[in-house]
Amino acid sequence: MTQAEQRSATLAEPLDKLKGEARSLMQALAERALASVRDKVTGSVGRLIDYADGGGGSGLLSAVTGGGNSDGGSSVGGAVLGTAGKAVTGLMSRGGGSGGSGGGQGRNLKVTNIVEEIDVGVPVRLAYNQWTQFTEFPSFMKKVESVEQEADETTKWKVQILWSHRGWESTTKRQIPDDRIVWTSKGQRGHVDGTVSFHELGPNLTKVLVVLEYYPQGGFEHIGNLWRAQGRRTRLELKHFRRHVMTQAVLHGDEIEGWRGVIEDGEVVKDHETALEEEKRGRGSADEENDEGEYADEADEADEGEYADEADEADEEDDGDDEADYADEDDEAEYADEDDEEHAARAGGRS
């Protein structure tokens, strides 16, 4: 091997290592740049959608996407934001939002399934009663802005989803006390159908299971779907519910009456007052049965006592009869002895 070949072989290994390090550095720089651009896009999405939902125009949207720059939007940031604006507009068109054509609404509407559960350390009745107090939700749930109870089976909701505000009207299809509530809803920009059920795990432990079908409508909702924001929000709100029940409701559970009526097929088949009366009558019947059971026990005890007294009297009479029998036997023995003595005396006289 020549001297040049030896020198080349000696330098090959360090050069390969240097090339590898350079590739790693370039990859790290690329990932960092991508992360920076992604953060900028994420920060601009809310403003883009809110502006587009409000009617669009060339003012704010052009400024945010870089379309109004003197250089024609040739900068990297302007190009990226411009691409984000186009993507948002496309999402809105496919989702049936205000930026899309009316003919495409509803055709590509996708559903997001959300399943969450949480255990609450109270009896099932208290957990159910507190849940039926819908108008109190905004006081302890962070993103529920308002709830209006228009009728026993109808409520209007207004919630915050990331930076936007959405509203819908819900209709309860089925409601059974201490068991489950099933509802459907409708809204201009998305709605939620679902079921919440209550499962008794113990005297003071209840599982609350929530199953939702979220129908997003509009670009902002679709972007939220990509981040699974709605599922995380549901999980957090359930934790707020548990915190409220365990710190507030548990202190005055008797004061939380809840709505005890029954709904079937979207109609009230038993109102709240009727249900309460039936529950009171049921408790009254149970108390009467308990009282009858107590009276029966007392009667049994009295009968047992009476039978015991009669048995004691009978035993005393038997004892008396036994004593009389013993007395008679003694008398007979005494008479027998006297007869024997008399016979002996007669026999002696004859002799």
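The structure we're discussing is the one just above.
Residues numbered from 1 in each chain as written. Predicted model: local features only at pLDDT ≥ 70, side-chain atom pairs only at ≥ 80, totals over all residues. Heavy atoms only, no water.

This brings us to a negative patch on the surface. A grouping of Asp-152, Glu-257, Asp-271, Glu-273 and Glu-277 is seen on the molecular surface, where their side chains present a negatively charged patch. Here Glu-273 shows up in helix H8 (residues 272-350). (Patch = residues over 30% accessible without salt bridge, like charges linked within 9 Å, V, L, I, M, F, W, Y side chains within 5 Å. Areas by Shrake-Rupley, 256 points an atom, 1.4 Å probe, with all protein chains shown as cover. Salt bridge = Lys/Arg side-chain N within 4 Å of Asp/Glu carboxyl O. Lys, Arg positive; Asp, Glu negative; His and termini not counted. Charge placed at Lys NZ, Arg CZ, Asp CG, Glu CD. Helix = DSSP H or I, 4+ residues; strand = E, 2+ residues; numbered from the N terminus.)

Roughly 770 Å³ of volume is contained in the largest pocket. Around the largest pocket sit 31 residues that line it, and Val-144, Val-159, Trp-168, Leu-212 and Thr-234 are the ones nearest its centre. Counting only elements with at least two residues in the lining of the largest pocket, the list comes to strand E3 (154-161), strand E4 (164-176), strand E5 (180-186), strand E6 (191-202), strand E7 (205-215) and helix H7 (229-247). Examining the composition of the lining of the largest pocket, we find that eight residues originate from one element, H7, more than from any other. Taken together, the residues of the lining of the largest pocket break down into 21 nonpolar, six polar and four charged. (1 Å grid on protein atoms, 1.4 Å probe; cavity = no way out; pocket = protein on both sides within 12 Å on 5 of 7 lines; lining within 4 Å. Points joined across faces, edges and corners; volume = space filled by probe spheres on them. Nonpolar A, V, L, I, M, F, W, Y, C, P; charged D, E, K, R; others polar.)

Now for the pairing of E7. Every other side chain in a regular strand lies on the same face of the sheet, so the side chains alternate between the two faces. With nine bridges connecting them, strand E1 (residues 112-120) and E7 associate as antiparallel partners. Bridge pairing in E7 links Ile-114 to Leu-212. With eleven bridges joining them, E6 and E7 adopt antiparallel strand pairing. When the sheet's bridge partners are listed, His-199 is paired in E7 with Lys-207. (Pairing = 2+ DSSP bridges.)

Evaluation of the coordinates by the stated rule reveals nine aromatic pairs. An angle of 70° between the planes, with centres 5.0 Å apart, marks the rings of Trp-131 and Phe-241 as edge-to-face. You can see Trp-131 sitting in helix H4 (residues 124-131) and its partner Phe-241 sitting in helix H7, a full 110 residues away along the chain. Comparing Trp-131 with Phe-241 shows no difference in burial state: the two are buried. Three or more aromatic residues joined by ring pairs make a cluster, and in this case those are Tyr-128, Trp-131, Phe-134, Phe-137, Phe-140, Trp-157, Phe-198 and Phe-241. (Phe/Tyr/Trp six-rings, centres within 6.5 Å; stacked < 30°, edge-to-face > 60°. Buried < 20%, exposed > 50% of the residue type's maximum accessible area, 1.4 Å probe, protein only.)

A cluster of nonpolar residues, Leu-25, Met-26 and Leu-29, forms a patch on the protein surface that exposes about 320 Å² of accessible area. Mapped onto the fold, Leu-29 is located in helix H1 (residues 3-53). When its relative accessible area of 45% is taken as the criterion, Leu-29 is described as partly exposed.

Here we take up the nonpolar core. Membership of the largest hydrophobic core comes to 33 residues, with the highest contact counts inside it found for Trp-131, Phe-137, Val-196, Phe-198, Val-208 and Phe-241. Ranked by residues supplied to this core, first place goes to H4 with five residues. (Core = buried A, V, L, I, M, F, W, Y, C linked by side-chain atoms within 4.5 Å.)

At a minimum axis separation of 11 Å, H4 and H7 run at an interaxial angle of 120°. The two elements H4 and H7 meet at a crossing, and its hand is right-handed. On the side of H4, the interface is formed by Ala-127, Gln-130 and Trp-131, while H7 contributes Leu-238, Phe-241, His-244 and Val-245. When its residues are assigned to classes, the contact of H4 with H7 shows five nonpolar, two polar and no charged. (Axes fitted to C-alpha atoms, helices over the stretch in contact; angles between N-to-C directions. Left-handed = near helix turned anticlockwise from the far one by under 90°. Contact = heavy atoms within 4.5 Å.)

The backbone of Asp-178 sits at a positive phi, close to 60°, despite the residue not being glycine. Mapped onto the elements, Asp-178 comes out in the loop between E4 and E5. The phi dihedral of Asp-265 is positive, around 55°, even though this residue is not glycine. Take Asp-265: its relative accessible area is 71%, and that puts it in the exposed class.

Shape descriptors only; they carry no functional weight alone.
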